[in-house]
Amino acid sequence: MKNIKERQFVLILSFIVGIISGLAALLLKTTIHQTHHFLTHNLHVDSVNLLYLAYPTVGILLTVLFVKFFVKDNIGHGVTRILYAISQKNSQIKSHNNYSSIIASTLTIGFGGSVGAEAPIVLTGASIGSNLGRMFHLNYKTITLMVGCGVAGAIGGIFKAPMAGMVFTLEVLMLDLTMASLIPLLISSITGASIAYFFMGKGVLLSYTLNDSFVLSTFPYYILLGVFTGMVSLYFTRVGMYLESQLERIKNRYQKLILGGLALGIMIFLFPPLYGEGYTTIQALINGNIDGLVNNSIFYFLRDHYWLLLGYVVLILAFKVIAATVTTGSGGVGGIFAPSLFLGGLSGFFVARFLNGFNFVKLSESNFTLIGMAGVMAGVMHAPLTAIFLIVEITGGYTLFVPIMVTATIAYLTIMYFEPHSIYTKRLAKRGELITHNKDKAVLTLMKLGKVIETDLQKIDPDASLGELVKLISHSHRNIFPVVDDEEKLLGIVLLDDIRHIMFNPEMYDETYVRNLMTMPPAVLEANAPMDRVMRRFEETGAWNLPVIMDGKYLGFVSKSKIFNVYRRVLVHFSDE
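Residues numbered from 1 in each chain as written. Predicted model: local features only at pLDDT ≥ 70, side-chain atom pairs only at ≥ 80, totals over all residues. Heavy atoms only, no water.

Turning to the overall build of the chain, a few remarks are in order. Within the chain one finds 23 helices and 5 strands. The buried share among the 577 residues of the chain stands at 57%. Restricting to contacts in the chain with at least 6 residues of sequence separation, those with at least 24 account for 76%. Entry remark: accessible area of the chain is about 25,200 Å², with carbon and sulfur atoms responsible for 61%. (Helix = DSSP H or I, 4+ residues; strand = E, 2+ residues; numbered from the N terminus. Buried < 20%, exposed > 50% of the residue type's maximum accessible area, 1.4 Å probe, protein only. Contact = heavy atoms within 4.5 Å. Areas by Shrake-Rupley, 256 points an atom, 1.4 Å probe, with all protein chains shown as cover.)

Written out as structure tokens, the structure reads:
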């Protein structure tokens with residue numbers, strides 16, 4: 001710190017964060033895979049398995065016990081917690097998040113929880129960046145950048161998708177798009193992806209072979225797919241949030257666990273593709289293997305029935321949202337990356353197969369499966385760029401870049417018409433705690449009311465005469481005079497403009513008292529009020545100056561001009577290169 005320039009130190013630290021978060025992603029991916037393999041490798045694909053009823057409940061129970069007795073903190077909704085930390089906690093994330101989400105999500109997903117591992121590893125990467133930044137006593141802006149580097153490294157590591165890691169950080173966490181932030185994010189995401197390549201080879205998450213290239217005549221159907229996946233995204237968001245709120249009403253955690261575990265077990269028993277992340281099912285559809293939808297299911301016979309199979313797909317689409325929400329709502333730990341990709345893949349397959357059933361067009365079900373993933377991800381996360389780059393990188397489907405862009409964009413525009421906030425930001429926006437998507441609010445959060453209070457206004461007693469007030473005015477350079485009693489309680493204010501017409505009339509000096517001249521201010525501010533609330537009070541009242549009190553006692557005044565001056569200084573520091 002003493003011998004290295006700050007910008008060089010940030011680059012070095014971003015490299016270190018990328019290595020650690022990449023290794024964390026590798027560890028999580030391996031533990032989930034090994035747990036999943038250990039539990040399911042002996043199951044027969046052509047028959048039902050009652051173990052599907054038990055596994056999810058066991059996994060959620062182990063997760064709940066681990067969180068309650070070891071973590072003793074809420075670690076769910078990983079991306080939302082990162083946004084909250086940036087917005088309300090000066091980007092400080094507790095150190096147990098360096099490992100707790102890895103263990104908890106392994107227990108949840110490995111035992112069949114119908115969620116993804118991406119949000120937990122994103123929280124892990126963010127925690128690594130935050131704690132390293134705090135270890136070196138970096139400022140808020142740099143710690144926030146380190147949080148972003150951890151996220152980029154984690155996404156790059158778990159998906160082997162460096163561009164998606166960087167874009168996700170910029171698009172979802174809303175970090176500044178400047179060269180000062182772009183280069184460290186690139187370093188971390190590339191480093192995280194390189195770690196994954198080194199240990200796992202060059203293979204992508206979902207291997208894809210192009211059999212049908214993009215044909216211009218199919219362009220309208222990709223627009224249709226975009227609208228459909230946008231509506232599926234809306235269903236995901238609305239139903240997920242509703243079910244989550246209903247589960248929150250159940251206060252007994254073990255009652256919630258049993259209810260959620262049993263519901264999840266029944267859904268997985270009926271629809272085995274709901275087990276775990278669901279990437280196996282998506283890979284089967286990309287490869288044209290329809291049997292992957294009905295393996296281990298009581299509906300195995302549907303593989304030979306064209307239209308009945310489509311009805312089965314609709315049921316899976318409907319229940320996947322419920323399964324994912326029940327998993328997290330009953331105590332499991334996981335994210336919505338994998339569920340959104342799963343829903344997108346099935347949505348694309350459904351649209352292509354449905355239209356192909358009428359024999360007026362021949363669409364590639366494999367291509368639509370791939371492109372549908374980008375549509376739902378763009379809609380659910382409100383992150384079309386992330387969806388585009390992620391799908392291209394994890395499948396190697398670069399030749400379908402144009403239809404992926406079209407579908408993701410249309411899906412995003414479709415859900416934006418109904419839902420202005422993503423599933424990540426909706427929880428915070430409802431509580432007024434979201435600032436990462438509002439730069440003005442972000443700067444205000446960095447300001448403290450105590451730093452802008454002005455105390456040079458001359459106080460006066462309510463029993464003072466007009467003559468005494470005029471004498472006080474002659475020695476003051478302000479035009480507001482707070483009226484306080486012996487206990488420093490604010491009783492009102494006297495404005496110079498209100499007494500200008502009588503202040504030069506000596507006949508009134510001894511007969512007129514301040515208590516008859518004072519008025520009440522349009523609003524009074526508490527000393528601990530956040531700056532966004534202070535500015536809201538200024539807007540509501542139209543005032544230029546407002547008094548500040550603490551425990552009923554007068555402290556001083558706050559003026560818009562003082563706030564604007566401080567705001568400008570903070571803004572320059574917040575956004576500089």
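Here the focus is the pairing of strand S5 (residues 553-559). Burial analysis of S5 places 5 of its 7 residues in the buried class, the great majority of the element. In textbook terms, the turn of a hairpin is the stretch between consecutive antiparallel strands, and for strand S4 (residues 545-550) and S5 this stretch comprises 2 residues, one of which, Asp-551, has a positive phi near 55°. (Pairing = 2+ DSSP bridges.)

All right, on to the packing of helix H1 (residues 6-40) against helix H4 (residues 100-110) then. Interaxial distance between H1 and H4 falls to 9 Å at its minimum, and their mutual angle equals 30°. By the angle class used here, H1 and H4 are roughly parallel. For the element pair H1 and H4, the recorded crossing hand is right-handed. When H1 is examined against H4, the residues Ala-24, Leu-27, Leu-28, Thr-31, Ile-32, Thr-35, His-36 and Leu-39 are found in contact with a partner set consisting of Ile-102, Ser-105, Thr-106, Ile-109 and Gly-110. Of the residues contributing to the contact of H1 with H4, the split by class is 7 nonpolar, 6 polar and no charged. (Axes fitted to C-alpha atoms, helices over the stretch in contact; angles between N-to-C directions. Parallel < 35°, antiparallel > 145°, perpendicular 65-115°, else oblique. Left-handed = near helix turned anticlockwise from the far one by under 90°. Nonpolar A, V, L, I, M, F, W, Y, C, P; charged D, E, K, R; others polar.)

Quick look at a nonpolar patch on the surface now. Together, Ile-4, Ile-12, Phe-15, Ile-16 and Ile-20 give the surface a local cluster of nonpolar side chains, amounting to about 380 Å² of exposed area. Checked against the element boundaries, Phe-15 lands in helix H1. (Patch = residues over 30% accessible without salt bridge, like charges linked within 9 Å, V, L, I, M, F, W, Y side chains within 5 Å. Salt bridge = Lys/Arg side-chain N within 4 Å of Asp/Glu carboxyl O.)

Adjacent strands of a sheet form backbone hydrogen bonds with each other and so pair up, either parallel or antiparallel. Sheet architecture is open: 3 strands sit in the order S3-S4-S5, paired in mixed fashion. For this open sheet the edge positions go to strand S3 (525-526) and S5, each flanked by a neighbour on one side alone. Pairing geometry for S4 and S5, over 6 bridges, is antiparallel. Each residue of the ladder has a partner; that of Leu-546, found in S5, is Val-558. This element, helix H22 (residues 531-541), spans S3, S4 and S5 of the sheet and lies at about 135° to S4.

Turning our eyes to something else, we now look at H4. Among the 11 residues that make up H4, 10 are buried, leaving the element largely enclosed by the rest of the structure. Among all positions of H4, only Ser-100, Ser-101, Ile-102, Ala-104, Ser-105, Thr-106, Leu-107, Thr-108, Ile-109 and Gly-110 are buried. Each element contacted by the buried residues of H4 is listed here: H1, helix H2 (51-71), helix H5 (118-135) and helix H12 (306-329). A positive phi of about 110° marks Gly-112, the residue just after H4.

What follows covers the packing of aromatic side chains. The full count for this structure, using the stated rule, is 18 aromatic pairs. The interplanar angle of 85° and the centroid separation of 6.0 Å between the aromatic rings of Trp-307 and Phe-354 together place this pair among those described as edge-to-face. With a gap of 47 residues between them, Trp-307 in helix H12 and Phe-354 in helix H13 (residues 337-356) connect regions that are remote in the sequence. Judged by its relative accessible area of 43%, Trp-307 is partly exposed. Of the aromatic side chains, those joined through ring pairs into one cluster are Phe-228, Tyr-306, Trp-307, Phe-350, Phe-354 and Phe-358. The ring of Phe-342 carries Lys-320 above its face, with NZ or CZ at 4.8 Å from the centroid. (Phe/Tyr/Trp six-rings, centres within 6.5 Å; stacked < 30°, edge-to-face > 60°. Lys NZ or Arg CZ within 6 Å of the ring centre and 35° of its normal.)

Sheet topology places strand S1 (residues 480-484) next to strand S2 (residues 490-495); 5 bridges connect them, and they run antiparallel. Counterpart to Ile-480 in the pairing with S2 is Leu-495.

Looking at the chain, pLDDT values average 84 and 90% of them are 70 or higher. Per-element averaging of pLDDT across the chain places helix H18 (residues 439-446) at the bottom with 56 and helix H16 (residues 401-418) at the top with 93. (pLDDT = per-residue confidence, 0-100.)

With a relative accessible area of 33%, Phe-354 lands in the partly exposed category. Sequence-wise, Phe-354 and Leu-310 are 44 residues apart; in three dimensions their C-alpha atoms are separated by 7.4 Å.

Our focus in this paragraph is helix H15 (residues 384-395). For H15, built from 12 residues, the straight-helix expectation of 16 Å at 1.5 Å per residue is met to within 8% by its first-to-last C-alpha distance of 17 Å. Across the 12 residues that make up H15, a large majority, 10, are buried. Buried within H15 are the following residues: Pro-384, Thr-386, Ala-387, Ile-388, Leu-390, Ile-391, Val-392, Glu-393, Ile-394 and Thr-395. Contacts made by the buried residues of H15 are with helix H6 (140-159), helix H7 (162-172), H13, helix H14 (365-381) and H16. Just downstream of H15, Gly-396 is the residue with a positive phi angle, here 75°. (Expected span 1.5 Å × (residues − 1).)

Mapped onto the elements, Ser-364 comes out in the loop between H13 and H14. Judged by relative accessible area, which is 13%, Ser-364 ranks as buried. The residues touching Ser-364, leaving out its near neighbours within four places in the chain, are Asp-212 and Ala-352.

The final tally for this structure, using the stated rule, is 9 salt bridges. For Asp-73, the salt bridge is made with Lys-94, and the minimal N-O distance between the two is 3.7 Å. Of this pair, Asp-73 sits in the loop between H2 and helix H3 (78-88) while Lys-94 sits in the loop between H3 and H4, placing them 21 residues apart in sequence. The partner of Arg-353 in a salt bridge is Glu-365, with the nearest N and O atoms 3.3 Å apart. Linking Arg-353 in helix H13 with Glu-365 in helix H14, this pair joins segments that are 12 residues apart in sequence. Both residues of the pair, Arg-353 and Glu-365, belong to the buried class.

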